[in-house]
Amino acid sequence: MSKSGGIIGVSDHGGWAVLVTVARDGTLLDRRRVELVGEGLPKIPHHSEAQGLPLDEAVELVERVRVSAERHAVLALDAVTMAVPRILGVALRKCSQLPPTIAERIKDYRAQNNADWVMYRRALASAAEARGWPVHWYDAKSVLGAARQALRVENLDAHFLQVRRAIGPPWNNDHKLAMAAAIVTASAAVE
């Protein structure tokens, strides 16, 4: 456990996410996979389940999932604070611009392909902001290179292999992305 605190990096998916918390120096403090939606609810409602419903029912379904995502985001951050009591911020993947209403997102093909992920990211951002934690948005395409620079290592894969050897499984691309985002955010906070 770090007395100086940590940054949570997030790699999200439809209905779940990997959270990796690192200290300011890049040391791994915590990692976990969390569910972001309640059992029995669809994980990608905009893109899938809402498409076969009348619009008013589809909007209501997405709204139920959104409320569940917000509740689960709070629970996920509560769990991290049990392991790392002092959190200095959260790093989330940047969100695509979407139409303003659920109904518009359901009807727009591009939006329905992104809206579920944005919903989960916003739920996590809202839960973090409610705790007074700053939210940092990262670009998934450039964060690995930025983490390599922040750590001043030639080979980020070799660094992640050392982490994997030290902590054991699970350790996959989601863990790497989340850790890279946390490292970049932590290094920016130190400067």
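Please refer to the structure higher up on the page.
First things first, this report covers the structure right here in the doc. (Residues numbered from 1 in each chain as written. Predicted model: local features only at pLDDT ≥ 70, side-chain atom pairs only at ≥ 80, totals over all residues. Heavy atoms only, no water.)

## With respect to the pattern of salt bridges
So, point 1. Per the counting criterion, the structure on display carries eight salt bridges.
So, point 2. Among the salt bridges present, the one from Asp30 reaches Arg32, with a minimum N-O distance of 2.8 Å.
So, point 3. Residue class for Arg32 comes out partly exposed when judged on its relative accessible area of 22%.
So, point 4. In this structure, Glu35 and Lys43 form a salt bridge, with 3.1 Å as the shortest nitrogen-oxygen distance.
So, point 5. Overlapping salt bridges, with partners in common, bring together Arg33, Glu35 and Lys43 in one network. (Salt bridge = Lys/Arg side-chain N within 4 Å of Asp/Glu carboxyl O. Buried < 20%, exposed > 50% of the residue type's maximum accessible area, 1.4 Å probe, protein only.)

## Section: the packing of helix α1 (residues 55-83) against helix α4 (residues 115-130)
So, point 1. One way to put it is that α1 packs onto α4 with a least axis distance of 8 Å and a crossing angle of 45 degrees. The angle between the axes of α1 and α4 places the two elements in the oblique class. Every pair of crossing elements has a handedness; the one defined by α1 and α4 is right-handed. Residue-level contacts link Val62, Val65, Arg66, Ala69, Glu70, Ala73, Val74 and Leu77 of α1 to Met119, Tyr120, Ala123, Leu124, Ala127 and Ala128 of α4. (Axes fitted to C-alpha atoms, helices over the stretch in contact; angles between N-to-C directions. Helix = DSSP H or I, 4+ residues; strand = E, 2+ residues; numbered from the N terminus. Parallel < 35°, antiparallel > 145°, perpendicular 65-115°, else oblique. Left-handed = near helix turned anticlockwise from the far one by under 90°. Contact = heavy atoms within 4.5 Å.)

## A word on the pairing of strand β2 (residues 16-23)
So, point 1. Most of β2 sits out of view: eight of its eight residues are buried.
So, point 2. Looking at chain direction, strand β1 (residues 6-12) and β2 are connected through seven bridges and run antiparallel. Bridge pairing in β2 links Ser11 to Val18.
So, point 3. Counting the residues in the hairpin turn of β1 and β2 gives three residues, including Gly15, whose phi is positive at 90 degrees.
So, point 4. Where β2 lies against strand β3 (residues 28-35), seven bridges are found, and the strand directions are antiparallel. Residue pairing in the sheet places Val22 in a bridge with Leu28 of β3.
So, point 5. Hairpin geometry of β2 and β3 is characterised by an intervening segment of four residues between the two adjacent antiparallel strands and by a positive phi of about 90 degrees at Gly26. (Pairing = 2+ DSSP bridges.)

## Focus on unusual backbone geometry
So, point 1. Cis geometry is found at the peptide bond from Pro169 to Pro170, where omega equals -5 degrees.
So, point 2. Position of Pro170 among the secondary structure elements: in the loop between α6 (156-167) and α7 (173-190).
So, point 3. The backbone of Arg152 shows a phi angle near 55 degrees, a positive value even though the residue is not glycine.
So, point 4. With respect to the element layout, Arg152 can be found in the loop between α5 (143-151) and α6.

## A few points about the packing of aromatic side chains
So, point 1. Considering all chains together, one arrives at one aromatic pair under this definition.
So, point 2. Cation over ring: Arg33 sits above Trp16, and NZ or CZ is 4.0 Å from the ring centre. (Phe/Tyr/Trp six-rings, centres within 6.5 Å; stacked < 30°, edge-to-face > 60°. Lys NZ or Arg CZ within 6 Å of the ring centre and 35° of its normal.)

## Let's talk about the nonpolar core
So, point 1. Ranked by size, the top nonpolar core spans 26 residues in total, and within it Ile8, Val10 and Leu19 carry the most contacts.
So, point 2. Not counting chain neighbours up to four residues away, the residues in contact with Ile8 comprise Leu19, Val20, Thr21, Leu77, Val80, Ile87, Gly89, Val90, Ala91, Trp133 and Ala182.
So, point 3. Core analysis: the second largest hydrophobic core is formed by 22 residues, Ala91, Phe160, Ala180 and Ala181 among them. (Core = buried A, V, L, I, M, F, W, Y, C linked by side-chain atoms within 4.5 Å.)

## Focus: the sheet that holds β3
So, point 1. Spatial ordering of the open sheet is given by β3-β2-β1-β4-β5, a layout of five strands whose pairing is mixed. The open sheet has two free edges, formed respectively by β3 and β5 (135-138), since each of these has just one partner strand. Within the sheet, the average angular offset between the axes of one strand and its neighbour, ignoring direction, is 20 degrees.
So, point 2. The pairing of strand β4 (residues 87-93) with β5 spans four bridges and is parallel. Counterpart to Arg93 in the pairing with β5 is Tyr138.
So, point 3. Lying over the sheet, α1 contacts β1, β2, β3 and β4, oriented at roughly 155 degrees with respect to β3.

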